[in-house]
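Secondary and tertiary structure notes
Residues per chain, in single letters:
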Amino acid sequence: MKTAIVTGASSGIGRDLSILLAREGYAIALAARRIDTLENIRRSILSEGGEAEVFRTDLSLIQDAEKLIESVLERFGRIDLLVNNAGYGVYGPIEEVSAEEIHRVFMVNTISPAILISRAVRHMKKNKSGAIVNISSMAIYTPLPWLSLYTATKSSLKTLTDTLRIELKPFGIRVIGVYPGYVETDFHRSVVLTETSKRIGWSNRASRIAPVLSSMRVAEEIVRRLRDPRFNGDIVVGLSYRIFRSLSQHMNWVVSRSLERIYVRRIRELLREEDSVH
C-alpha cells in the first residue's frame, strides 16, 4: 500500500486531503499538534476501510521534523507522497513581532518542509518514484503589509518547489506547487496578532472581491492532479485566482500600487484616530 504524509492534517485542506487520499488507497500518516482531532480523522478513515496513523508533530521544532520521516518509515516502511500543508502566520507591523515568532514562522512554513523533503527524497530516490506537494499561497503574488513574514516564507517554499521540480525529475519524483486563494479554514482563526492588529481588529472573513474556496475543493483538485502521472506543475484553483496570478506576474506594479494606496490610506486613518484620542 502506498503511504502519504500530510502535515497540518488536523483541519482544512490537510484534513480533507487526508480523507480523499485514503479513499484513493493511500495509508495516511496524519501529522499535526492536535492529537485529539487527528484521532477523530483517523477513526473516520478507518470506518471507510482505509488505513491511517497519528503522529504528533510540532514543525516549529527541528527534531520533530526529522523524527517524523523516521517514524513513518518505521510504521509503514515506505513514503510515496509528502504533502507539506502546515502553515503559521503572524499579522501586524514587523517591529511588533518577537524573535520567537519570526523563528516559528520560518520553521513551520519553510525550514521544516525543506527538512521533510530532504529526508523523504532519500527514500523516494531508492524507489525511483514519489511525489511532493507543497501548499504555498496566492499571497506570494501580493505584497501584503503586516503579512510580510508569512508571504516571505511561502515565497521561499515556491522557489524550493520550482527548483526541486527540475532537480528531482530525473529520479521519477514529481514536485507540485499549490497556490490557494482565500480558503475558509482554521488558519485564519489562528493567525497570531500583534498589539496594533489586535487594537484595530483582524477580520477572518474574506474580502467581498475575493472568492471564498472550500478546503474540499482544493483537496479534490490536488487529488485529481496526482492521479495523472504526467502532471508535474502548479495548481491554482478557481478562474478568478488564475487570472489574478497572471496579472500579478505580468503587471506586478499595478497590484503593488493598488495595495500601497489602500495601505497608506488606512495608516493615515489610524494616525488620525490616535491623534484624536490624545
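The paragraphs below set out a description of the structure included in this document. Sequence order as written defines the numbering, with residues in each chain counted from 1. Local features in a predicted model are, by the rule used here, given only for residues with pLDDT of at least 70; side-chain atom pairs are given and counted only at 80 or more, and totals for whole chains, interfaces and linings are based on all residues. Where side-chain values are given, they derive from all heavy atoms of the structure, hydrogens and water being excluded.

On to the sheet that holds strand β3 (residues 51-56). An order of β3-β2-β1-β4-β6-β7-β11 is seen for the seven strands of this open sheet, with the pairing classed as parallel. Both outer strands of the open sheet, β3 and β11 (234-235), are each paired with one neighbouring strand and no more. Only strands joined by at least two bridges in the DSSP assignment are considered to pair. Numbering goes from the N terminus for both helices and strands, where a helix is a DSSP run of H or I of at least four residues and a strand is a run of E of at least two. The pairing of strand β7 (residues 173-178) with β11 spans two bridges and is classified as parallel. Along β11, the bridge assignment pairs Val 178 with Ile 235. Lying over the sheet, helix α2 (residues 35-47) contacts β2 (27-32) and β3, oriented at roughly 175° with respect to β3. By definition in these notes, contact holds between two residues if any of their heavy atoms fall within 4.5 Å. To obtain each axis, a line is fitted to C-alpha atoms, and for helices this fit is confined to the stretch in contact; angles are then taken between N-to-C directions over 0 to 180 degrees.

Another aspect to go through is the nonpolar core. Among buried residues, the Ala, Val, Leu, Ile, Met, Phe, Trp, Tyr and Cys ones that are joined through side-chain atoms within 4.5 Å form a nonpolar core. Only protein chains enter the area calculation, which uses a 1.4 Å probe; residues under 20% of their type maximum are buried, those over 50% are exposed, and those in between are partly exposed. Grouped together as the largest cluster of nonpolar side chains are 42 residues, with contacts concentrated most on Leu 21, Ile 28, Leu 30, Leu 81, Val 133 and Ile 222. Among the elements that make up this core, the one with the highest residue count is helix α1 (residues 12-23) (six residues). Excluding residues that lie within four positions of it along the chain, Ile 222 makes contacts with Ile 13, Leu 17, Val 133, Ile 135, Val 178 and Ile 235. Ala 29, Ile 79, Met 124 and Ile 132 belong to the second-largest nonpolar core, a separate cluster that totals 31 residues.

Let us look at the side chain of Thr 110. Among the secondary structure elements, Thr 110 is positioned in helix α4 (residues 99-127). The class for Thr 110 is buried, based on a relative accessible area of 14%. In the analysis that follows, any N or O atom pair within 3.5 Å is treated as a polar contact, provided that within protein one partner can donate a hydrogen and the other can accept it, and provided that, for residues neighboring in sequence, both atoms belong to side chains. One polar contact links the side chain of Thr 110 to the main-chain carbonyl oxygen of Thr 153, over a distance of 2.9 Å. Beyond its immediate sequence surroundings of up to four residues, Thr 110 is in contact with Val 105, Thr 153 and Ser 156.

Take the environment of Asp 162 next. The residue Asp 162 is located in helix α5 (residues 148-168) in this model. C-alpha of Asp 162 to C-alpha of Ile 176: the two residues are 14 residues apart in sequence and 8.5 Å apart in space. Among all residues touching Asp 162, those that are not within four sequence positions of it are Tyr 179 and Asp 234. Here Lys 158 takes part through its side chain, which lies 2.5 Å from a polar atom of the side chain of Asp 162.

Here we take up the pairing of β2. For a regular strand, side chains alternate in direction, first toward one face of the sheet and then toward the other. The element β2 is largely enclosed, with a buried count of six among its six residues. Here β2 shows two buried faces, one formed by Ala 27, Ala 29 and Ala 31 and the other by Ile 28, Leu 30 and Ala 32. Bridging between strand β1 (residues 3-7) and β2 involves five bridges; their strand directions are parallel. In the sheet register, Val 6 faces β2, and the bridge partner there is Leu 30. Handedness of the β-α-β unit built from β1, α1 and β2 comes out right-handed. When β2 meets β3, the two strands line up parallel, connected through six bridges. Counterpart to Ala 27 in the pairing with β3 is Glu 51. Seen with the strands pointing away from the viewer, any crossover whose path from the first strand over the helix to the second strand runs clockwise is right-handed.

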